[in-house]
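Structural description and commentary
Read off the chains here:
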Amino acid sequence: MGTSQSSRSRVRRLSRRGWMLLMVAAVCLITGYASARTELLYIAAFTALMPLAAVIYLRMRQPRLDTRRDFHPTVISAGQVATATLQVRNRAPAPTPQLRWSELLPWAPHQTPIETLAPIPPRRTVAAQYTLQPPRRGIMSVGPMTIEFSDPFSLAHVWRTIAQPERIVVTPALVALPDVGLALAEGDGAAQLIQRRAAGNDDDLMTREYRAGDALRRVHWRASARQGELMVRQEEQRTFPEARIIIDTLRGGYDDPLFGSGQPVESDRFEWAVSMLASLGVHLHAAGYRVHVVETGARQVAPLGDAHEWAASDSEFLISLAGIHLLREREGIGYVSDEQPGARGPVFALISEPSDETLDWLIDQRRPFDLALAFVLDGWSDSTAQLLTSAGWHCIEVSPEVSLADAWTTALVETGGVHGLI
C-alpha cells in the first residue's frame, strides 16, 4: 500500500547486562580508590567503557531501510483472516544487524508477536508476513512497525520506528440470511412475491421480425426456422421490486454503554444495526430488489443501486458501512434516501430508542399494502410498540446478543403467519 523510509523515532537503552557492567565498574572504582589497588581502577575503566562502546557502535550501525506494507485482501470483513506483507529493503552498503520487529494493532492484543529478521544483505529486499483478524468493523490504523537490534554483546538495544501506520478498511461481517422470497404487499389483494430464479437477473429474451439495420449476431436461428422468416432477439427490460431499509443514525437513539473504555465502538446496539443493515441489504439486493437505504441523519451509506449492478455497488455499500458512525442531534434529521418518489415495496427499520420526531416520521413510512418490519434493539417500550403496531408495522424485539440469522428467522415467522413466505 505505502512505502516509507526509516523514521528518526528511536529509543536507546542499556540492557540488563550493560547495567550490570556499569555496577561492576562503580564497585571496582570505589574499591580501587579505597584500597589503592590500580588493577581495580583498570577493571572499572574497562567495564565502564564497554557499554559506552556499545552505544557508539549502535549509533554508527544505524540501518537505512525502506519499507512497504501490503494487505491481502485490501478490504477485510470483520472476523476475516487477512495477510499483511512487509517488504524491507536495505539501502546501506553494509548488511543490517539481526533485527526483531513487531507491529502495533488497534485491537487486542495490540501488538503482533515479536519476530526475528535475519541480517539483510546490501541493496537487497526481504519480506515478512503476519496474519490479521480484525474483530470489528471500522477504518483502522495498523502500525507503526518497530524494529529492535543490539550490539554483538547485547549490552545496549535500540527500538526504532521504520514504517508509519496505514489505514485498513474493515467492513461488517456478512451473515447468510435464509434464502426465501418475501411478501411485498399485504391486505385484501393477492400478495406479490419475489422468487429466486436460476437465471438470476438476466433479461428475458423475446423475438421479433428482422428489420433493416439489425445486427446479424442478434438473429435467433431456431425461431427463424420455426417462423419461416428471420427473427431477432429482443430484450425485455425487467423492472426490479424496491425495498427500503431505514436505520437510525442519531446518537440520541442509542443510550447503551460502550464496549469498553478507550474502544472506538460507540454502541453495541448500533453495531448490531449496522451488521443487520449490511447482511439484509446484500441479501435483498441479491434476491433482485432495488434497495434504498434511508438514514435519519446526514448521508453516510453508499447506494446499492440496481440488482444487475450487484458486484460494484455491493462493494461500495459495504465499504461505506465500515466508516458509518452515530451523529449528534444538533446535526439534524435529514431522512436522506436515494429512492425515487412513489417507490413501493417492503420497508425495514433498524431502531433502538428513536426520538419522538423520528418515531412519528417512521410511522408514516409504511405505505398502504406494503410490508413494514421493525427490528427494535432493547429500547423496546410499550408505547413504541403500540404506535408502530397500530400503524401496521411488525415489531421484532432483539438484542445485540441475538444472531442476525435468528432475528431474520423470527421476522419470517412473524410475517409468514399472516402472508405466507416461499
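These figures come from a predicted structure and were not determined experimentally.

Helix and strand counts for the protein stand at eight helices and 19 strands. Across the 422 residues that make up the protein, the buried fraction comes to 45%. Counted over contacts in the protein with a minimum sequence separation of 6, partners at least 24 positions apart contribute 72%. Split by element, the accessible area of the protein, about 21700 Å² in all, is 54% carbon and sulfur.

End to end, helix α2 (residues 38–60) covers 32 Å across 23 residues, agreeing with the expected 33 Å (1.5 Å per residue, within 8%). Three or more residues of α2 are buried, namely L40, A44, T47, P51, A54 and L58.

All right, on to the pattern of salt bridges then. In the structure shown here, the tally under the stated rule is ten salt bridges. Close ionic contact of E353 with R269 constitutes a salt bridge, the shortest N to O distance being 3.5 Å. In this pair, E353 is assigned in the loop between β17 (347–351) and α6 (356–363) and R269 in helix α4 (residues 268–286), connecting sequence segments 84 residues apart. When its relative accessible area of 12% is taken as the criterion, R269 is described as buried. Here R299 and E295 are joined by a salt bridge, their closest N and O atoms 3.5 Å apart. Relative accessible area serves as the criterion here: at 33%, R299 is assigned to the partly exposed category. Salt bridges sharing common partners tie together R69, E103 and E166.

Attention now goes to the side chain of R137. Here R137 shows up in the loop between β8 (125–132) and β9 (138–142). Its relative accessible area of 11% is what places R137 among the buried residues. A polar contact of 2.9 Å, which involves the side chain of R137, links it to the side chain of E271. A distance of 3.1 Å separates a polar side-chain atom of R137 from the backbone oxygen of L321. When sequence neighbours within four positions are dropped, the list of residues in contact with R137 reads A78, V170, T171, P172, F270, E271, V274, L321, A322, G323 and I324.

Together, L49, L52, I56 and M60 give the surface a local cluster of nonpolar side chains, amounting to about 440 Å² of exposed area. Along the polypeptide, I56 turns up in helix α2.

Relative to the assigned elements, V169 resides in strand β12 (residues 166–171). Distance in space between the C-alpha atoms of V169 and T74 is 7.5 Å, their sequence separation being 95 residues. With residues near it in sequence (within four places) discarded, V169 still touches T74, V75, I76, G138, I319 and A322.

Cis rather than trans, the peptide bond between H72 and P73 has omega equal to 0 degrees. Within the secondary structure, P73 sits in the loop between β3 (65–72) and β4 (75–77). In this structure, the amide linkage connecting A108 to the following residue, P109, adopts the cis form with an omega of 5 degrees. By the element assignment, P109 lies in the loop between β6 (99–103) and β7 (115–117). Even without glycine at this site, A36 takes up a positive phi of about 60 degrees. The class for A36 is exposed, based on a relative accessible area of 68%.

The rules we used
- Residues numbered from 1 in each chain as written.
- Predicted model: local features only at pLDDT ≥ 70, side-chain atom pairs only at ≥ 80, totals over all residues.
- Heavy atoms only, no water.
- Helix = DSSP H or I, 4+ residues; strand = E, 2+ residues; numbered from the N terminus.
- Buried < 20%, exposed > 50% of the residue type's maximum accessible area, 1.4 Å probe, protein only.
- Contact = heavy atoms within 4.5 Å.
- Areas by Shrake-Rupley, 256 points an atom, 1.4 Å probe, with all protein chains shown as cover.
- Expected span 1.5 Å × (residues − 1).
- Salt bridge = Lys/Arg side-chain N within 4 Å of Asp/Glu carboxyl O.
- Polar contact = N/O pair within 3.5 Å; in protein donor to acceptor, adjacent residues only side chain to side chain.
- Patch = residues over 30% accessible without salt bridge, like charges linked within 9 Å, V, L, I, M, F, W, Y side chains within 5 Å.

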